[in-house]
Amino acid sequence: MLSYEIAVIGGGPAGLCAAISAAAAGASVALIEKDRHLGGQLVKQTHMFFGSKAQFASTRGIDIADILSRQCEELKNITVLLGATVLGYYDDQVLTIEQDNKVQRVKADCLVVATGASEKVLPFPNNDLPGIYGAGAVQTLMNVYGVKPADRVLMVGAGNIGLIVSYQLLQAHVKVAGIIEAAKHIGGYLVHASKIRRAGVPIMTGYTIKKAYGERKVEGAIVWQLDDRWQPIPGTELDIPVDAVCLAVGLTPMGELLWQAGCQMIYVPQLGGHVPFRKATLETTVPGIYVAGDVAGVEEASSAMVEGRLAGLAAARRLGYHNADWENKYQDALQQLMALRSGPVGEKICSGLKCVVV
Amino acid sequence: MLSRTGVATCENIESILPPKERLQKGPVAVIECFQQIPCNPCYSSCPRNAIKPFDDINDLPVLDYESCNGCGTCIHNCPGLAIFVVDETYTEEEALVKLPYEYTPLPKVGDLVEALDREGKKVGQAQVVKVQNAKGQDRTPVLWVSVSKHLSQQVRNIGMEG
Ligand SMILES: Cc1cc2nc3c(=O)[nH]c(=O)nc-3n(C[C@H](O)[C@H](O)[C@H](O)COP(=O)(O)OP(=O)(O)OC[C@H]3O[C@@H](n4cnc5c(N)ncnc54)[C@H](O)[C@@H]3O)c2cc1C
Ligand code: SF4
Ligand code: SF4
């Protein structure tokens, strides 16, 4: 059985930064990723990121993935396991991992769980027709495999993901018939919305999808307006002919391993679903198990990176790696997180965090 | 309203537009960023420190119109693609608009293209004067287009269909 001081589960921005900061502090780290490459969501993000220089603002997500992967490779005390899915966690600090059709066990003194989030779906008639996609699938097809997913798309959801994926569809020469959003206001950044609008794409707030239709695949969708109590208004139906409907209706944390490990969990809508209670150090209620990134609450890559750095530092310290630089790095990460969340768009996250930080 | 439509209102635009006297002096940035989000590359990328220092990363950018010379560095550094440069002194009848354009194919210098407003509606014709796509721009080309002077604060995109 392989044994490491720290096992980081998930190689997205949170996991990469956790591995880097823990290894830089001196710990031996295994970074375990189920995909064949590192980067998590970042590898699909061809757009420039927000934030400040410390979080690689103005750099494209895909390039951030490369920068972090390289930093990881340069640290000799990080072992990267790719194509390796963590299946379970056992009380004696043992993980079972499936890699290349073989199951193996890895023992670790500390865990950082950075498994990210999964997409929510929306119930409506015919949502099982070919041509109904999650936004993540559309992005993966276009930006990872270079496959054009459709000719004309209806986007459901005007959060950042719906707006950005619409933009990337336009860049791939796919028509976007419109973006519908059930809320009365656009949830994503308005600069993203403006960029889609000046490309001629309508955004319809206060609308939802009634049904999709089509013989053997999507041929169109019926949308209708919602009243102030979120009830559909009969007679407001619009028929939008499209060959794909793309759902961007939110993400929910993937906390299965945390449940297994016995971490105390709580449902917090502002954070996207069930999330673990944690200390400021991101340690859960099970000593030695830390969380970082979307699994701790659906937010952004910029904050996921900083949380990863925090969790990695805290886990290293728990194992006795605590040099002069430690405190500075830790305080710097705390401050960056606070700054990122201090504005109006951070209010929701902060109100959610109030319920879970113990 | 901007948060419902995604299109800046007249009031939004008036609140950030450089004063007439400044516009008459030559190229200047028009920063169409109206929502507090955690973002500051406009400030950190400006070589002339024309954007006031951010106390908080969520601050809205505030431009010192007199320090800005319209160089356009901030255009391709803004992840929101929310910054334009307008030169109302370009010719007697025409203004120059510099805009970010991340679509293919790129137009060529001299091309006549559709001039589109903030809703993507055609409001006139534009001629491509320059296509900037240097390595340092990291794949955010900036187009310089000339438009009738009265459209200088309306044209924010181009279309290549017609
Ligand atoms: C369309 C879109 C646009 C976005 N734009 C921005 C933006 O402009 N700016 C910004 O800051 N953020 C943006 N984000 C958000 C950002 O991508 C996420 O918040 C961020 O990726 C979360 O990082 P993470 O490391 O927590 O999770 P992820 O990136 O999801 O990584 C989790 C990793 O864990 C792996 N994994 C999961 N379970 C297991 C297991 N059991 N065993 C092994 N490995 C496992 C997964 O394969 C994955 O690689 C965007 C997201 C989307 C979808
Ligand atoms: S145009 Fe140039 S000088 Fe003006 S704000 Fe932008 S970067 Fe600064
Ligand atoms: S870089 Fe662009 S999006 Fe970010 S604050 Fe400045 S103007 Fe707004």
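Please read these numbers as outputs of a predicted model, since none were measured by experiment. (Residues numbered from 1 in each chain as written. Chains lettered and ligands numbered in written order. Predicted model: local features only at pLDDT ≥ 70, side-chain atom pairs only at ≥ 80, totals over all residues. Heavy atoms only, no water.)

Caption draft 1: Spotlight on the overall build of chain B. The helix and strand inventory of chain B stands at five helices and seven strands. In chain B, the succession of helices and strands from N to C terminus is α-α-α-β-α-α-β-β-β-β-β-β. Rg of the C-alpha trace for chain B: 15 Å, near the compact-globule value of 15 Å for 162 residues, within the 12% margin. Nonlocal contacts in chain B, meaning residues at least 24 apart in sequence, comprise 58% of its contacts between residues at least 6 apart. Working note: accessible area of chain B is about 7500 Å², and carbon and sulfur atoms make up 50% of it. Computing the positive centroid from 16 side-chain charges and the negative centroid from 21, chain B places the two 4 Å apart. (Helix = DSSP H or I, 4+ residues; strand = E, 2+ residues; numbered from the N terminus. Rg over C-alpha atoms; globule rule 2.2 N^0.38 Å. Contact = heavy atoms within 4.5 Å. Areas by Shrake-Rupley, 256 points an atom, 1.4 Å probe, with all protein chains shown as cover. Lys, Arg positive; Asp, Glu negative; His and termini not counted. Charge placed at Lys NZ, Arg CZ, Asp CG, Glu CD.)

Caption draft 2: Highlighting the environment of I266(A). Residue and element names in this part refer to chain A. Mapped onto the secondary structure, I266 falls in strand β17 (residues 265-268). For I266, a relative accessible area of 24% gives the class partly exposed. Put simply, I266 and V165 are 101 residues apart on the chain and 30 Å apart in space, counted from C-alpha to C-alpha. (Buried < 20%, exposed > 50% of the residue type's maximum accessible area, 1.4 Å probe, protein only.)

Caption draft 3: Expanded view of the packing of aromatic side chains. Enumeration according to the criterion identifies five aromatic pairs over all chains in this entry. Note on W326(A) and Y330(A): the rings are 4.8 Å apart at their centroids and 10° apart in plane angle, and the pair reads as stacked. Of this pair, W326(A) and Y330(A) both sit in helix α8 (residues 324-341), separated by four residues, roughly a single helical turn. With a relative accessible area of 5%, W326(A) lands in the buried category. Residue Y330(A) is classed as buried on the basis of its relative accessible area, which comes to 8%. When the ring of Y43(B) is compared with that of F54(B), the centres are 5.6 Å apart and the planes differ by 25°; the resulting orientation is stacked. (Phe/Tyr/Trp six-rings, centres within 6.5 Å; stacked < 30°, edge-to-face > 60°.)

Caption draft 4: Here's a closer look at helix α3 (residues 135-144) of chain A. All names here are of chain A. Inspection of α3 places A135, G136, V138, Q139 and M142 among the buried residues, and these make up the whole buried set. The arc enclosing the buried residues of α3, seen along the axis, measures out at 155°, which places them on a common side. Contacts from the buried residues of α3 go to β7 (117-119), β8 (132-134), α4 (160-171) and β15 (244-247). Of the residues one or two after α3, G146 is the one with positive phi, at around 70°. (Arc of directions from axis to C-beta.)

Caption draft 5: Layout of the pairing of strand β2 (residues 83-87) of chain B. Residues and elements named next belong to chain B. Counted residue by residue, β2 has five buried out of five residues, so it is predominantly covered. Taking every second residue as pointing to the same face, both faces of β2 are buried, with I83, V85 and D87 on one and F84 and V86 on the other. With three bridges joining them, β2 and strand β3 (residues 94-100) adopt antiparallel strand pairing. Following the sheet pairing, V86 is matched in β3 by V97. The loop that links β2 with its antiparallel partner β3 comprises six residues. (Pairing = 2+ DSSP bridges.)

Caption draft 6: Region of the structure containing the site of ligand 2. Ligand 2 sits among C46(B), P47(B), R48(B), I51(B), L63(B), C68(B), N69(B), G70(B), C71(B), G72(B), T73(B) and C74(B). Looking at the shell around ligand 2, its residues break down into seven nonpolar, four polar and one charged. (Near = heavy atom within 4 Å. Nonpolar A, V, L, I, M, F, W, Y, C, P; charged D, E, K, R; others polar.)

Caption draft 7: Up close: the side chain of Q55(A). All names here are of chain A. Inspection of the secondary structure puts Q55 in the loop between β2 (29-32) and α2 (61-74). Note on Q55: relative accessible area 2%, which makes it buried. Polar side-chain contacts of Q55 include one of 2.8 Å to the side chain of Q336. Residues within four places of Q55 in sequence aside, it is in contact with F50, I64, S302, M305, V306, Q336 and L340. (Polar contact = N/O pair within 3.5 Å; in protein donor to acceptor, adjacent residues only side chain to side chain.)

Caption draft 8: Here's a closer look at the domain arrangement of chain A. Residue and element names in this part refer to chain A. As far as domains go, chain A holds domain 1 (2-118 + 251-353) and domain 2 (121-247). Facing nine residues of domain 1, the contacting portion of domain 2 comprises 13 residues. Across the domain 1 to domain 2 interface the summed buried area is about 910 Å²; carbon plus sulfur atoms make up 59%. If you sort the residues of domain 1 by the area they bury against domain 2, K44, H47 and F50 come out on top, with a joint share of 55%. (Domains from an automatic or database assignment. Buried area = accessible area lost by both parts, 1.4 Å probe.)

Caption draft 9: View of the state of the cysteines. Residues and elements named next belong to chain B. What the rule picks out here adds up to zero disulfides over all chains. Summary of cysteine pairing: C10 is not part of a disulfide, and the nearest cysteine sulfur, belonging to C33, is at 19 Å. For C10, a relative accessible area of 56% translates into the label exposed. (Disulfide = S-S within 2.5 Å.)

Caption draft 10: Representation of the interface of chain A and chain B. Contacts between chain A and chain B engage 37 residues on the former and 43 residues on the latter. Here chain A meets chain B over a buried area of about 3300 Å², counting both sides, of which 51% is carbon and sulfur. Between the two partners, chain A and chain B, sit four salt bridges. A salt bridge links E119(B) to R197(A), with the shortest nitrogen-to-oxygen separation between them at 3.8 Å. Along the contact surface separating chain A from chain B lie 25 residue pairs in polar contact (both at pLDDT 80 or more). Counting residues per element, the ones that place at least two in the side of chain A that touches chain B are α4, α5 (190-197), β11 (203-205) and α8 of chain A. Looking at side-chain class alone, the side of chain A that touches chain B contains 17 nonpolar, 13 polar and seven charged residues. (Salt bridge = Lys/Arg side-chain N within 4 Å of Asp/Glu carboxyl O.)

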